[in-house]
Amino acid sequence: MANTLVQFRTDETSRIKAMLICEQLGIDLQTYMRMCISRLISENGIPFSMKVQDSSGNKGILALREMGRISAEKGNAEMTLEEINAEIAKARKSFDAMNGAGTE
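A brief structural summary. (Residues numbered from 1 in each chain as written. Predicted model: local features only at pLDDT ≥ 70, side-chain atom pairs only at ≥ 80, totals over all residues. Heavy atoms only, no water.)

With that settled, consider the environment of glycine 68. Relative to the elements of secondary structure, glycine 68 occurs in helix H3 (residues 59–74). Take glycine 68: its relative accessible area is 35%, and that puts it in the partly exposed class. Along the sequence, glycine 68 and leucine 40 sit 28 residues apart, while their C-alpha atoms lie 44 Å from each other. (Helix = DSSP H or I, 4+ residues; strand = E, 2+ residues; numbered from the N terminus. Buried < 20%, exposed > 50% of the residue type's maximum accessible area, 1.4 Å probe, protein only.)

Before going further, it helps to spend a moment on a nonpolar patch on the surface. Among the surface-exposed residues, Ile37, Leu40, Ile41 and Ile46 lie close enough to one another that they form a single nonpolar patch of about 440 Å² accessible area. Classification of isoleucine 46 as exposed rests on a relative accessible area of 76%. (Patch = residues over 30% accessible without salt bridge, like charges linked within 9 Å, V, L, I, M, F, W, Y side chains within 5 Å. Areas by Shrake-Rupley, 256 points an atom, 1.4 Å probe, with all protein chains shown as cover. Salt bridge = Lys/Arg side-chain N within 4 Å of Asp/Glu carboxyl O.)

On to unusual backbone geometry. Unlike most non-glycine residues, asparagine 44 shows phi in positive territory, near 55°. Its location among the elements puts asparagine 44 in the loop between helix H2 (29–43) and H3.

Laid out in structure tokens, this is it:
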């Protein structure tokens, strides 16, 4: 089956907004348009909704943002992996010492 070019006009603002949404969904605008045409034909109508999930209600993302805020507040937001591992090791050693671990 031969490919054919389909063109349409839209305002620049709508095009940019649509492209940004498609990027967040991991596709480009052309792929989205091909998906729409394919589903329109197979379902004989518009059967689907694709939405970018609002991350403001995602507990994991909210927790990461809060951790970032606290880290920035305490001045350690730019720690290297080695510094983070050293802090963890220090905390574990302190915890073990307080709980008598390793004294058996």
